[in-house]
Amino acid sequence: EDEEVLLEEDFESEDATERWAVAEGGSARVVASGSLRGRVLALGGCTWGGDTFSRRTVECSATARCKLSFWARGAAWQGFSRGAKRTTEELEDAHSWLSVPKDS
């Protein structure tokens, strides 16, 4: 069965950072990887509530399933969020960490 690609990013274009929102206090930046991957999104450390968020909306649910596929080095947590705002206010900062390292 063919899968529809909802979001794809290789960070090679000069405007790649415009498609991503870095949360306040976040460390993400696009850098040359020095390997076969070319330009990559690099994170400088762990943060609570997420570091970087796609500006593009992707809608997934139990009835509209999505498949996540990405390359990562380190213990990257990937998931979905209602937005890039960091807060402890209920329902303002709703995150679902759907793809996490085995050792987490």
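Visitor: Please clarify how the side chain of Thr 52 should be interpreted in this entry.
Guide: Here Thr 52 is to be found in strand E4 (residues 52-54). Using a relative accessible area of 19% as the deciding quantity, one classes Thr 52 as buried. Looking at Thr 52, its side chain comes within polar contact range of the side chain of Asp 51, at 2.9 Å. Ignoring sequence-local partners within four residues, the contact set of Thr 52 consists of Trp 20, Ala 21, Val 22, Ala 28, Leu 41 and Leu 43.

Visitor: Got a minute to help me understand the environment of Gly 26 in this structure?
Guide: Residue position: Gly 26 is located in the loop between strand E1 (20-22) and strand E2 (29-32). Along the primary structure Gly 26 and Thr 52 are separated by 26 residues, whereas in three dimensions their C-alpha atoms are 6.9 Å apart.

Visitor: Quick question: what am I supposed to make of the environment of Asp 51 here?
Guide: Within the secondary structure, Asp 51 sits in the loop between strand E3 (39-42) and E4. Judged by relative accessible area, which is 7%, Asp 51 ranks as buried. A sequence separation of 30 residues divides Asp 51 from Ala 21, and the C-alpha atoms of the two residues are 8.4 Å apart. One polar contact links the side chain of Asp 51 to the main-chain amide nitrogen of Ser 27, over a distance of 3.0 Å. A polar contact is formed between the side chain of Asp 51 and the backbone nitrogen of Ala 28, at a distance of 3.2 Å.

Rules used throughout
Residues numbered from 1 in each chain as written. Predicted model: local features only at pLDDT ≥ 70, side-chain atom pairs only at ≥ 80, totals over all residues. Heavy atoms only, no water. Helix = DSSP H or I, 4+ residues; strand = E, 2+ residues; numbered from the N terminus. Buried < 20%, exposed > 50% of the residue type's maximum accessible area, 1.4 Å probe, protein only. Polar contact = N/O pair within 3.5 Å; in protein donor to acceptor, adjacent residues only side chain to side chain. Contact = heavy atoms within 4.5 Å.

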